[in-house]
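Structure assessment
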Amino acid sequence: MSVTPIEDPAVADRSLPEPAPARRHPAWAALTHGQGLLGLVLVVAVAVAVAGLLAQWIAPFGPNEQIGGANLLGPSAEHWFGTDQVNRDVFSRVLHGIRINLEISVIAVPIGALVGALLGLASSLHPVTDVIAQRAFDVVLAFPALILAIALAAIVGPGAVTVIAVIVVVEIPIFGRMIRTQVLRIRELPYVESAEVIGAGRWWVLRTHVLPNALEPLAVQLALSMSVAVFVESAMSFVGIGVRPPEPSLGSIIADSVPNLDANPAFAIGPLVVVAALVLGFLLIAQALGSARRA
């Protein structure tokens, strides 16, 4: 009669391979730790918790509502950032200004990224298109964004459409050169050359091997460009060529506060803090995504 030996549980456990821990995507890991998490919190706090996207429901007053007897009041429980020179609640205007700023950025940056990526891809495929696209990029990059804004505003007039157009024009060469550089670099890698040697078609190689890897740094640049867009919109509105009054904009609110800093310093502090938080949040997200990609 045979006896089945009893295995030592400890030995049995050691003989079984431990399951590999689930790995998270590097970009997700970057956004849930350290500076990436801080940047995400800042952007979400400004966009949602501070209510840039919900301003019309929680703002205590309308953005252009004039309140009787409330001229340049300081901060209080009723008016968190005080009131401006025409009796409007600054906090309510800041909330609506955040929404306009984010709407412009969310519309303009993806358009600039798409057009720039297509031009960058076209310039990487043929020497003639490369020369034309690169010289066009050089012309755009030769001028600061504010100079381009002033020139465009002089032609078509100030307004939100002008701000969107300026941001799109500024972002096109940035994304175009990034995609061109990535495509040219990836086309020289051994696995791409091997695919071409065994007879893979040019467009198949481009679609299967080149483009997925060339688009990898796009998320980093998108986050960085969002911070630039917030700054450009605020700067254009500050000098009077952005969103037209009486529509609220963070830049125009700051401009209105300059002559009234003595009467109500909070008039400027509120929108300045919001602009700084948005720009810093997007920069931290971009830096965290860039570090994850390099790692």
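Residues numbered from 1 in each chain as written. Predicted model: local features only at pLDDT ≥ 70, side-chain atom pairs only at ≥ 80, totals over all residues. Heavy atoms only, no water.

To continue, consider the overall build of the chain. In terms of regular secondary structure, the chain is built from 13 helices and 0 strands. For the chain, the N- to C-terminal ordering of α and β elements is α-α-α-α-α-α-α-α-α-α-α-α-α. A total of 295 residues make up the chain; the buried ones form 42% of that total. Partitioning the intrachain contacts of the chain with sequence separation of at least 6 by distance along the chain shows that 68% fall at a separation of at least 24. (Helix = DSSP H or I, 4+ residues; strand = E, 2+ residues; numbered from the N terminus. Buried < 20%, exposed > 50% of the residue type's maximum accessible area, 1.4 Å probe, protein only. Contact = heavy atoms within 4.5 Å.)

What follows is about the pattern of salt bridges. Scanning the entire structure with this criterion turns up 4 salt bridges. The salt bridge partner of Asp-84 is Arg-88, with a shortest N-O separation of 2.8 Å. Given the relative accessible area of 2%, Asp-84 is considered buried. Via salt bridges that share partners, Arg-135, Asp-138 and Arg-177 belong to a single interconnected network. (Salt bridge = Lys/Arg side-chain N within 4 Å of Asp/Glu carboxyl O.)

With that settled, the discussion passes to the packing of aromatic side chains. Within this structure, the stated rule accounts for 2 aromatic pairs. Where Trp-80 meets Phe-91, the ring centres are 4.8 Å apart and the plane angle is 40 degrees; that geometry is what we call tilted. With Trp-80 in the loop between α4 (55-58) and α5 (90-123) and Phe-91 in helix α5, the pair connects residues that are 11 residues apart, well separated along the chain. Taking 5.3 Å as the distance between ring centres and 80 degrees as the angle between the ring planes, the aromatic pair formed by Phe-81 and Phe-91 counts as edge-to-face. Residue Phe-81 is found in the loop between α4 and α5, and its partner Phe-91 is found in helix α5; the two are separated by 10 residues along the sequence. (Phe/Tyr/Trp six-rings, centres within 6.5 Å; stacked < 30°, edge-to-face > 60°.)

What follows covers the packing of α5 against helix α6 (residues 127-141). For any two helices packed against each other, one specifies the inter-axial angle together with the distance between the axes. Across the interface, α5 lies against α6 with an axial gap of 7 Å and an inter-helix angle of 140 degrees. Relative to α6, α5 is oriented oblique. Across the interface between the two elements, Leu-119, Ala-122 and Ser-123 of α5 pack against Thr-129, Asp-130, Ala-133, Gln-134 and Phe-137 of α6. Classifying every residue of the contact of α5 with α6 gives 4 nonpolar, 3 polar and 1 charged. (Axes fitted to C-alpha atoms, helices over the stretch in contact; angles between N-to-C directions. Parallel < 35°, antiparallel > 145°, perpendicular 65-115°, else oblique. Nonpolar A, V, L, I, M, F, W, Y, C, P; charged D, E, K, R; others polar.)

Between the first and last C-alpha of helix α7 (residues 145-156) there are 16 Å, a value that for 12 residues agrees with the 16 Å anticipated at 1.5 Å per step. Two residues or fewer past α7, Gly-157 is found with a positive phi of approximately 90 degrees. (Expected span 1.5 Å × (residues − 1).)

Together, Val-139, Phe-143, Leu-146, Ile-147, Ile-150, Phe-238, Val-239 and Val-258 make up an exposed nonpolar region whose accessible area comes to about 700 Å². Element by element, the count of residues in the nonpolar patch is highest for α7, at 3 residues. If you trace the backbone, Phe-238 turns up in helix α11 (residues 218-238). (Patch = residues over 30% accessible without salt bridge, like charges linked within 9 Å, V, L, I, M, F, W, Y side chains within 5 Å. Areas by Shrake-Rupley, 256 points an atom, 1.4 Å probe, with all protein chains shown as cover.)

Attention shifts here to the side chain of Thr-162. For Thr-162, the position within the fold is in helix α8 (residues 160-187). Those residues in contact with Thr-162 that sit more than four places away from it in its chain are Leu-152, Ala-153, Val-156, Gly-157 and Met-236.

Before going further, it helps to examine the nonpolar core. Counting 36 residues, the largest nonpolar core has Val-94, Ile-104, Ile-167 and Met-236 as the members making the most contacts within it. Of all the elements in the fold, those that place two or more residues in this core are α5, α6, α7, α8, α11, α12 (250-257) and α13 (266-294). Ranked by the residues each element gives to this core, the list is headed by α5, at 8 residues. With residues up to four places along the chain from it excluded, the contact list for Met-236 reads Leu-146, Ala-149, Thr-162, Val-163, Val-166, Ile-241 and Gly-242. (Core = buried A, V, L, I, M, F, W, Y, C linked by side-chain atoms within 4.5 Å.)

Position of His-79 among the secondary structure elements: in the loop between α4 and α5. On the accessibility criterion, His-79 (4% relative accessible area) is buried. Within the local environment of His-79, its side chain forms a polar contact with the side chain of Asp-89, the two groups lying 2.9 Å apart. Not counting chain neighbours up to four residues away, the residues in contact with His-79 comprise Phe-61, Ile-67, Leu-73, Gly-74 and Asp-89. (Polar contact = N/O pair within 3.5 Å; in protein donor to acceptor, adjacent residues only side chain to side chain.)

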